[in-house]
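# Reading the structure
Residues per chain are reported as follows:
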Amino acid sequence: MSLKNMIENNHYPIVFIGSGISKRYIQDSPAWIDLIEEYWEQEFPNENLYTFFHNLDLKNGDATKDQQDFIANTKAMDRIEEHFNALFYQEERDVTGLTIKEAQQKRLSPFKYDLANKFSDFRLKSDIDTSEYKLFKQFINKSRMIITTNYDEFIEKSLNSINSKPNVYVGQNGLFDNNAGWSELYKIHGSVTDPQTIVINSNDYNKYDENSILLSAKILSSMIDSPIIFLGYSLTDRNIRKLLNDFSQQLPAEDTRKSANRIYVIQYEKNQMETTEELVSDPILNFNYTLINTDNYSKIYSDISKINEGASPYEVRKYQDLIRKIIVDYGSRGSLESVLVSPQDLSDISNQIDQGKPIVVAMGDAKYFYVYPDLLSYIKDYFNETNNYLPAVALSFVAHDGNRLTKTPFSRYLKSVDQSSLKLKDNDVEKLNHKIQNCPSLDSIINSIGNWARIDISSIEEAKNITSRSKMFMVLTYNLKRLDKTDLHDFILNSAIPLFEKSVKDQTNLRTDIRKFLLGYDLLVNGDLKEKKKPAQNP
């Protein structure tokens, strides 16, 4: 099947994204061998890396070249990590943001923490093709599910920049869950947000291989309708061949054309602006796929972005979750005082859809119109106390807003409602607890303020004299206990929120400082937070 046929079938794809995409758009993004060379030179300046590789090849003479390279790379990382960690505990190797006490108490690998630091602070290339990058974001926004072996946050931040926020699962997380199957990002080799999940050494890969069948099962369950696209991988890449091998073992027996119709591999060919397609039959994998060679990624992105199932995968997941919450959770408790569409009407709606009739569905009770917030609407609603969102919907939004370090106020919701009635999903509770662990109290916010902003003031007017807005909000946060709550509330509505709205639209760093200030005020007014217990499961 050609790419044209896939687009005509009009089903959002499942997309695998490898390191080639990070290298295409991120400044100085290293390949695996680049990392090994850099760390090896640092740890073993008097030893030749390639002599080490050669000696390993002699021990694995029966293996193929690709197998030998993989074994050598993982063994090199084993030795690097062991040496790096030993020097760290001997106080001869520093890791930004990590102390020996924390590493020991939490059983962290200093090497993986250092690796996470390296991938966390990424910058787009100065000569990036901005029009192609814009098309890339549109393309991944049309991906039903994204699976990546990359550690960095390039994919999720690219989606966030266009207000599309996938559910992110790191490592094996989410593979056992009964998820929506829409707008999900699986970081199967770990993430910089949790360094211990990073897959880099031989033991990591052994554990990953033991559980990789879970990923295959997860994908196969969605393959009935969705094609699969591999992007940013070499055909000799061990990761892609392992995944394709797992697929070949799980797929039902079928003819060559049908299996090739499912899988597309986009292979980078430098300066080749034409796209060539061929059917590839791999005798080793016993597997068939369509290979597309090109350097014209703009065309690939643009063509696939033409797929339109009526709503983006993010919108499908968002409203699927919301409707299920309304119908199943609130409807079963009789909480809907009146509805424009009842659960009994849904079968009729399904029949009308099958008949091709245009349908508009709205749900609500006497007070609420059930919508899912975006960040700005949530912040405005929260501090104006207009209560446009049910607490369970609002808390679900907060749970999935950014990562565990993202500061979003929600104390009032936890303090003002009967938590047992919320029926939050386990995943939502877990993510909320992560946020609480990071900032459980007002004191934790105040103590995080740097010395440069620890200036005592007694009124908001004093802070307004500070020329740097970033510093102004940090000074205000530091002095929250000293300032009048009424003055603070007025300042939030009249100054902080308008500035926050502008910073979000302009994507400036000021929004982070304002978030911290708003969270601090929330904890000041509504009290410190305690972790929420997961809801008890029915027997």
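Residues numbered from 1 in each chain as written. Predicted model: local features only at pLDDT ≥ 70, side-chain atom pairs only at ≥ 80, totals over all residues. Heavy atoms only, no water.

### Overview of the pattern of salt bridges
Here is the rule: Any Lys or Arg side-chain nitrogen located within 4 Å of an Asp or Glu carboxyl oxygen qualifies as a salt bridge. The numbering of helices and of strands both runs from the N terminus, where a helix is a DSSP run of H or I of at least 4 residues and a strand a run of E of at least 2. Exposure is judged per residue with a 1.4 Å probe applied to protein chains only, and the accessible area is read against the type maximum: over 50% gives exposed, under 20% gives buried, and values in between give partly exposed.
Enumeration according to the criterion identifies 22 salt bridges in this entry. Asp 443 is the salt-bridge partner of Lys 481, the closest N and O atoms lying 2.5 Å from each other. Highlighted residues: Lys 481 in the loop between α22 (469–478) and α23 (485–506) and Asp 443 in helix α20 (residues 442–447), separated in sequence by 38 residues. Here Lys 464 makes a salt bridge to Glu 461, at a shortest N to O gap of 3.4 Å. Of this pair, Lys 464 and Glu 461 both sit in helix α21 (residues 460–464), three residues apart, roughly one helical turn. Its relative accessible area of 42% is what places Lys 464 among the partly exposed residues. A relative accessible area of 51% means that Glu 461 is categorised as exposed. Three or more residues joined by partner-sharing salt bridges are found here, namely Arg 24, Glu 132 and Asp 295.

### Re unusual backbone geometry
We note that Arg 107 has phi near 55°; this positive angle belongs to a residue other than glycine. Accessibility expressed as a relative area gives 58% for Arg 107, which makes it exposed. Phi is positive for Asn 271, which is not a glycine, with a value near 65°. The topology assignment puts Asn 271 in the loop between β6 (263–268) and β7 (276–282).

### What to know about the packing of α23 against helix α24 (residues 510–526)
When two helices pack together, their arrangement is given by the angle between the helix axes and the distance between those axes. Short version of the rule: For helices, the fitted line uses only the C-alpha atoms of the stretch in contact; every axis is such a line through C-alpha atoms, and the angle between N-to-C directions lies from 0 to 180 degrees. Each angle is binned into one of four classes, with values under 35 degrees roughly parallel, values over 145 roughly antiparallel, values of 65 to 115 roughly perpendicular, and all other values oblique. By definition, any crossing whose near helix is turned counterclockwise from its far helix by less than a right angle is left-handed, and any crossing with a clockwise turn is right-handed. Note on contacts: a residue pair is in contact if any heavy atoms of the two residues lie within 4.5 Å. In this count, Pro and Cys sit with the nonpolar residues alongside Ala, Val, Leu, Ile, Met, Phe, Trp and Tyr, while Asp, Glu, Lys and Arg are called charged and the others, Gly among them, polar.
As a packed pair, α23 and α24 sit with axes 10 Å apart at the nearest point and diverge in direction by 150°. In terms of orientation, α23 lies roughly antiparallel with respect to α24. Classified by chirality, the crossing of α24 by α23 is left-handed. Contact with α23, carried on its side by Lys 485, Leu 488, His 489, Phe 491, Ile 492, Ala 496, Leu 499, Phe 500, Ser 503 and Val 504, involves Leu 510, Arg 511, Ile 514, Arg 515, Phe 517, Leu 518, Tyr 521 and Leu 524 of α24 and no other residues of that element. Residue composition of the contact of α23 with α24, grouped by class: 13 nonpolar, two polar and three charged.

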